[in-house]
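One letter stands for each residue in the lines below.
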Amino acid sequence: MKDANPATAPQTFYLKDYTPFGFDVESVHLTFRLAPETTRVLSKIRFAPKPDAADKTFFLHGEDLQLISAKIDGQEVTPELADGGLKCGVPSAPFTWEAEVEINPAGNTALEGLYMSNRMYCTQCEAEGFRKITYYPDRPDVMSTFTVRIEGDEPVMLSNGNPVGAGEGWAEWHDPWPKPAYLFALVAGDLVNHPGSFTTRSGKDVELNIWVRPGDEGKCAFGMEALKKSMKWDEDVYGLEYDLELFNIVAVDDFNMGAMENKGLNIFNSSCVLASPETSTDANFERIEAIIAHEYFHNWTGNRITCRDWFQLCLKEGLTVFRDAQFTADMRSEPVKRIDDVITLRARQFPEDNGPLAHPPRPEAFQEINNFYTATVYEKGAEVIGMLKRLVGDENYYTALKLYFERHDGQACTIEDWLKVFEDATGRDLSQFKLWYSQAGTPRVKVSEDYADGTYILTFEQSTPPTPGQPDKAPRVIPVAVGLLSPNGDEVRATEVLELTEAKQSFTFDGLASKPVPSILREFSAPVILERETTNTERAFLLAHDTDPFNRWEAGNALAKETRVAMVLDGAAPDAAYLDALEKLVRDDNQDPAFRALVLSPPSQSDIAQTLHERGYTPDPQKIYDAAETFAQTLAQQLETSLPRLYAATTVEGPYSPNAESAGKRALNGRILSLLTRLDGGEQAARQYASADNMTQQYAALGALMKAENGAAQSQAFFDQWQDDRLVMDKWFALQIACAAPEKAAATAAALTKHPLFDMKNPNRFRAVMGALAGNHAGFHHGSGEGYQLLAENLIALDSLNPQTTARMCAAFQTWKRYDAGRQSLIRAQLSRIAGTDGLSRDTTEMVTRILDA
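Now for a description of the structure that goes with this document. (Residues numbered from 1 in each chain as written. Predicted model: local features only at pLDDT ≥ 70, side-chain atom pairs only at ≥ 80, totals over all residues. Heavy atoms only, no water.)

**Observations concerning helix 22 (residues 763-775)**
This is how the line gets drawn: Accessible area is worked out with a 1.4 Å probe on protein chains only. A residue is then buried under 20% of its type maximum, exposed over 50%, and partly exposed in between. Strands are runs of DSSP state E lasting at least two residues, helices are runs of H or I lasting at least four, and both sets are numbered from the N terminus onward. The criterion used for residue contact is that any of the two residues' heavy atoms lie within 4.5 Å.
Restricting attention to buried positions, one finds in helix 22 the residues P763, N764, R765, F766, A768, V769, M770, A772 and L773. In this structure, the buried residues of helix 22 make contact with strand 21 (265-269), helix 20 (726-738), helix 21 (742-752), helix 23 (777-780), helix 24 (786-799) and helix 25 (803-809).

**Side note on the layout of surface pockets**
Counted only if it meets this: Here a cavity denotes grid points, spaced 1 Å and computed from the protein atoms alone, that fit a 1.4 Å probe unable to get out, and a pocket denotes an open set having protein on both sides within 12 Å along at least 5 of 7 lines; residues with an atom within 4 Å of a point are the lining. Grid points are joined across faces, edges and corners, and a volume is the space filled by probe spheres set on the points. Polar here means any residue other than Ala, Val, Leu, Ile, Met, Phe, Trp, Tyr, Cys and Pro, which are nonpolar, and Asp, Glu, Lys and Arg, which are charged; Gly is therefore polar.
Of the volumes computed, that of the second largest pocket is approximately 1,000 Å³. Residue assignment for the lining of the second largest pocket shows that the elements contributing at least two residues are strand 1 (13-14) and strand 4 (59-61). Counted by class, the lining of the second largest pocket contains 15 nonpolar, eight polar and 14 charged residues.

**A look at unusual backbone geometry**
Residue A127 follows E126 across a cis peptide bond; omega there is 5 degrees. Non-glycine residue N118 carries a positive phi angle of around 50 degrees. In this structure, N118 sits in the loop between strand 10 (113-117) and strand 11 (120-124). A positive phi angle, near 70 degrees, is found at R119, a position not held by glycine.

**So, the sheet that holds strand 26 (residues 455-463)**
Within a sheet, neighbouring strands are paired by backbone hydrogen bonds and run either parallel or antiparallel to one another. Keep this limit in mind: Strand pairing requires that DSSP identify at least two bridges connecting the strands. For helices, the fitted line uses only the C-alpha atoms of the stretch in contact; every axis is such a line through C-alpha atoms, and the angle between N-to-C directions lies from 0 to 180 degrees.
Reading across from one edge, 29-26-25-31 is the order of the four strands in this open sheet, with mixed pairing throughout. Edge positions in the open sheet fall to strand 29 (504-509) and strand 31 (529-532), since each of these has one partner strand only. If you compare each strand with its neighbour and ignore which way they point, the axes differ by 25 degrees on average. As paired strands, strand 25 (residues 444-452) and strand 31 are joined by four bridges and run parallel to one another.

**Some details on the sheet that holds strand 2 (residues 23-33)**
Taken together, the eight strands give an open sheet; going across it, the order is 6-5-9-3-2-12-15-14, and neighbouring strands pair in mixed fashion. With one partner strand each, in any of the chains shown, strand 6 (75-76) and strand 14 (162-167) form the two edges of the open sheet. Alignment of strand 14 against strand 15 (residues 170-179), held across five bridges, turns out to be antiparallel. From the neighbouring strand, P163 faces strand 15, where its bridge partner is W173.

**Quick word on empty space enclosed by the protein**
Per the counting criterion, the structure on display carries three cavities of 30 Å³ or more. Counted as a void, the largest cavity has a volume near 40 Å³. W553, G556, N557, A560, Y578, L598, V599, S601, P602 and P603 are the residues that line the largest cavity. Contributions of two or more residues to the lining of the largest cavity are made by helix 10 (549-570) and helix 12 (593-600). Looking at the lining of the largest cavity element by element, the count peaks at four residues for helix 10. Taken together, the residues that form the lining of the largest cavity break down as seven nonpolar, three polar and no charged.

**Re the side chain of N209**
The test is simple: Under the rule applied, a polar contact is a pair of N or O atoms within 3.5 Å (in protein, one hydrogen donor and one hydrogen acceptor; residues adjacent in sequence only if both atoms are side-chain atoms).
Tracing the backbone through its elements, the reader meets N209 in strand 18 (residues 205-212). A distance of 3.2 Å separates the side chain of N209 from the side chain of N248, its partner in a polar contact. Non-local contacts of N209, meaning those with residues more than four positions away in its chain, are made with N193, H194, P195, M224, L246, F247, N248 and I249.

**Description of the environment of A290**
With respect to the element layout, A290 can be found in helix 2 (residues 282-297). Taking the C-alpha atoms as reference points, A290 and E154, separated by 136 residues in sequence, lie 31 Å from one another. With residues near it in sequence (within four places) discarded, A290 still touches D324 and T328.

Here is the structure:
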């Protein structure tokens, strides 16, 4: 029989067209006979027709499969192979479907379905990878129990659930919990385990393992502790207990995502689970802790309760991102975590929300679902959960979550199901709040004020700019947390949450002795852009006195932006009052070092470009870069007498620990070192590099030296030391480009693509180079257009190998309309070049088309 291949012409899928599958899947039995190029998959699936089904067509998804045989109730059948699957006539009563297919894991460079990574078999089935394994109704609302037999000569063979049998050349697994096919997992290879155990609050012992390639055993201890902390936290905070006898994690080198929550067998990008002080930075440790928590928390918010269809993706991802943010805040610093999250949101989601790729957290249509694993679905989806919790209050939030788990355990749900739980638990009408799920774009909230005779009035006006397909937007429910400060810095009104529900609304505060200074949008209570006329004097006041840590940072960030904008537009010198405020805060040893490090971290150059664009100016990337360099040099000179003391005071002595306190001090120490290097030419950085006993200090010193163009010897030494460690080499590749001057960035990246250790088939290495190029704002947007051309060339080359990674990297071009006509012309030419590539994947076709249609 012929192979079944996906349709070449993009098809658009619509939320409004959802129809349930016409059959229940009562059980699934799979047998894998592993061979690198000729794996056989035998499926035996029990189907039962639904009597009331609107669509009784028996259609099974399948892509890149060679069908060997098919049977119904033991009798050979000849199904009709169609685009993306097969159709077959079936009995009107329950029946057993059997099929045998052959697949080629070694040739699967797309890393979806069953593929090979460094001679190890592994899977990635979310969103639609299972259809590359065998014929099946590959949709999240079809849930069943799975029994899996793996046959081969691999020392370790793993699948979902609990082991039920093993012998020479085979292993069998059974998962008692019904799941959709996207949660299926299989791993087989030469692996060793780092073992652990956890006792649940009900007294059940759970075996834990992190499986890695030989040689990586020493990088598992932190991940194991993070897993145990996650399990304990979920019991303590949400009352959720693990439900199997075994929890396995496997580290995989070639992986498109960060990690995958497959039931009982989480598969992780090795960068998201392997850690040691010598090879991992503090940021790596924190990221690993958060991702392990995220995937574990999916056991309930994603696995036990999944999404009905992929339009509901934010139901599981938004909630789980919110939960892992809560976890990190509890494990580390709540204010610092909140600031970090907002920085990420503004860097990744705001540009998405305000550009050609804008879509609501629950989109109405898509061509390729892989293109909707976005910051809007994840980060904005989490912000929506946070607003809901803020509106209903903590007690009502946890009451509603308890009802959600009780009511919907074992189901595939929708946003409507989620909101109905909150309405039933709180008696609150959430129909207007639901607009957050259906409307794209970032709301603007304009604020004006009035004060007379002890009465202070704040007036808010909300609006949301048009986005593709949504020209008009209705007012949303926006929780705005507000506090008031007296002119001497005392808080005269504690934080109060104001609910905006109308296009224009006013709120009155009586009994005030003097006109207050407002602190608006505390804790960043809603993902909006606040517009209010104010002064640098007021911003400096809030930086010094605001009791809300986020708004203290926000005031400093706004000061930094205003200073940079003035430098870019008018050639102004750095604002003296801001420099003084920074110096005072940085020298204050009573302040949290992590907070001081954040205040010292300037707004990104892309952020300045967006700010200029929103104010009606055309951003010049080179001028923005020059202003950033001038400001950093001026700040270093202002702090010259303080830097040696600050460096010494923030140097962490003793054995390395990734705990929040030590990490915060090292973060500030790294910022101080970068400023010090501007004055001493790298003397202190060279000493730190030579004496560093952990990657955080070594990498910070190397970065400071390379930025000063004085680190060639250390860069070569770093390479010589770490060339056999693939994850550390990703850091080295990225740093070469991140530290390159704008005029050298594209050439540096081009040279690295010719490096013997560059492998575009490995997503981590490809992102390390091309992601760093896109992140070097002035370099990528250099007037020569060399950055655009290089990225386009590599995306075209990668597309036939790995469409998913290619499509996601296309987002580097999404802000193209904010630049001058010359740069727009250069970018359009490269986007058109990509779009015109023969055989371009549907993933990349959709992304490029949307960007070009801006």
